[in-house]
Amino acid sequence: MTRKNVDLTGQKFGRLTAKYPTDQRKQGKIVWYCECECGGHAYVSTSYLTNGDTRSCGCLKVEQDISNIREGYEKERVDNVVMSLFKGQEPRKDSGTGFRGVSKYYTRKSKELRYRAWITVAGKRYYKSGFLTPEDAYFKGRLELEKKYLPKENENETEK
Ligand SMILES: [Zn+2]
């Protein structure tokens, strides 16, 4: 009995400080009136205090819950960003023609496969469409576009 009901007065357990024993008993253990760092208070039995089960008036759990929720949101947000980035890259995969700046498309009416050269210069995109092969689109389209829109630096590219 004496071992069970140690004097915890003034001892700290997490955020709680045991202030005085009450007349209440829980499973034979003294229930202590505890003050919490947050200004709240709690009635906690000796065993819950000493085994570390209860470390606040409840505010700790609330904060933990809030931060769990926040983490959940943040994780979800990151996932969304990742998802949308991934989505944004999908067309690039589809347009793989083996030639830089060449993508395939289908003509609107007859649904024929065509190739289109494009180039992005200073945020603007220029197109040359209607090629029957990706080679044509590259050599007659893309290189033309490069010649036209890119600042000239290396002349030793492919022949005209
Ligand atoms: Zn508290």
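**Q** I'm lost on the coordination of the zinc ion in this one. Help?
**A** Tetrahedral metal sites with four donors have an ideal angle of 109.5 degrees; octahedral sites with six donors have ideal angles of 90 or 180 degrees. Every protein donor of the zinc ion is listed here as Cys36 (SG), Cys38 (SG), Cys57 (SG) and Cys59 (SG), and their distances to the metal cover 2.1 to 2.4 Å. Every donor counted, the four donor atoms about the zinc ion form angles of 99 to 113 degrees at the centre, which fits tetrahedral coordination. Along the chain, the residues donating to the zinc ion fall in the pattern C-x1-C-x18-C-x1-C. Of this pair, cysteine 36 sits in strand S3 (residues 29-36) while cysteine 59 sits in helix H2 (residues 59-94); the two residues are 23 residues apart in sequence, bridging distant segments of the chain.

**Q** What should I look at first to understand the sheet that holds strand S6 (residues 113-121) in this one?
**A** Adjacent strands of a sheet form backbone hydrogen bonds with each other and so pair up, either parallel or antiparallel. Judged by pairing direction, the sheet is antiparallel, and its three strands sit side by side in the order S5-S6-S7 without closing on themselves. Since the sheet does not close on itself, it has two edges, and those belong to strand S5 (102-106) and strand S7 (124-131), each with one partner. With strand direction ignored, the average angle separating the axes of adjacent strands in the sheet is 30 degrees. Judged from the five bridges that link them, S5 and S6 form a sheet pairing that is antiparallel.

**Q** I tried to follow the pattern of salt bridges on my own but got confused; where do I start?
**A** Opposite charge on two side chains lets them pair, provided their charged atoms get close. One pass over the structure, following the stated rule, counts nine salt bridges. A salt bridge links arginine 142 to glutamate 146; its shortest N-O distance comes to 2.7 Å. On the criterion of helical spacing, the pair formed by arginine 142 and glutamate 146 is a turn pair, its members being four residues apart in helix H3 (residues 134-149). On the basis of relative accessibility, which here comes to 8%, the residue glutamate 146 falls in the buried class.

**Q** Help me understand unusual backbone geometry, please; the structure alone is not making it clear to me.
**A** Glycine aside, residues mostly have negative phi angles, and peptide bonds mostly take the trans form. Non-glycine residue glutamine 27 carries a positive phi angle of around 50 degrees. Tracing the chain through its elements places glutamine 27 in the loop between strand S2 (16-26) and S3. Looking at glutamine 27, the relative accessible area reads 70%, which means it is exposed. Phi is positive for alanine 122, close to 50 degrees, though the residue is something other than glycine. As for its placement among the helices and strands, alanine 122 is situated in the loop between S6 and S7.

**Q** Would you take a moment to explain the packing of aromatic side chains for this structure?
**A** The geometry of an aromatic ring pair is captured by two quantities: the separation of the ring centres and the angle between the planes. Scanning the entire structure with this criterion turns up six aromatic pairs. Measuring from centroid to centroid gives 5.0 Å for tyrosine 20 and tyrosine 33, while their planes differ by 15 degrees, and the two rings are stacked. Highlighted residues: tyrosine 20 in strand S2 and tyrosine 33 in strand S3, separated in sequence by 13 residues. Judged by its relative accessible area of 42%, tyrosine 20 falls in the partly exposed class. Ring centres 5.3 Å apart and planes at 35 degrees place the aromatic pair phenylalanine 99 and tyrosine 138 in the tilted group. Taken as a pair, phenylalanine 99 in the loop between H2 and S5 and tyrosine 138 in helix H3 lie far apart in primary sequence, 39 residues in all. The class for phenylalanine 99 is partly exposed, based on a relative accessible area of 24%. Above the face of the tyrosine 105 ring, arginine 116 is positioned so that its terminal group lies 4.1 Å from the ring centre.

About the thresholds
Residues numbered from 1 in each chain as written. Predicted model: local features only at pLDDT ≥ 70, side-chain atom pairs only at ≥ 80, totals over all residues. Heavy atoms only, no water. Donors = N, O, S within 2.8 Å, 3.2 Å for Na, K, Ca; no water. Tetrahedral: all angles 85-135°; square planar, octahedral: opposite > 155°, others 65-115°. Helix = DSSP H or I, 4+ residues; strand = E, 2+ residues; numbered from the N terminus. Pairing = 2+ DSSP bridges. Axes fitted to C-alpha atoms, helices over the stretch in contact; angles between N-to-C directions. Salt bridge = Lys/Arg side-chain N within 4 Å of Asp/Glu carboxyl O. Buried < 20%, exposed > 50% of the residue type's maximum accessible area, 1.4 Å probe, protein only. Phe/Tyr/Trp six-rings, centres within 6.5 Å; stacked < 30°, edge-to-face > 60°. Lys NZ or Arg CZ within 6 Å of the ring centre and 35° of its normal.

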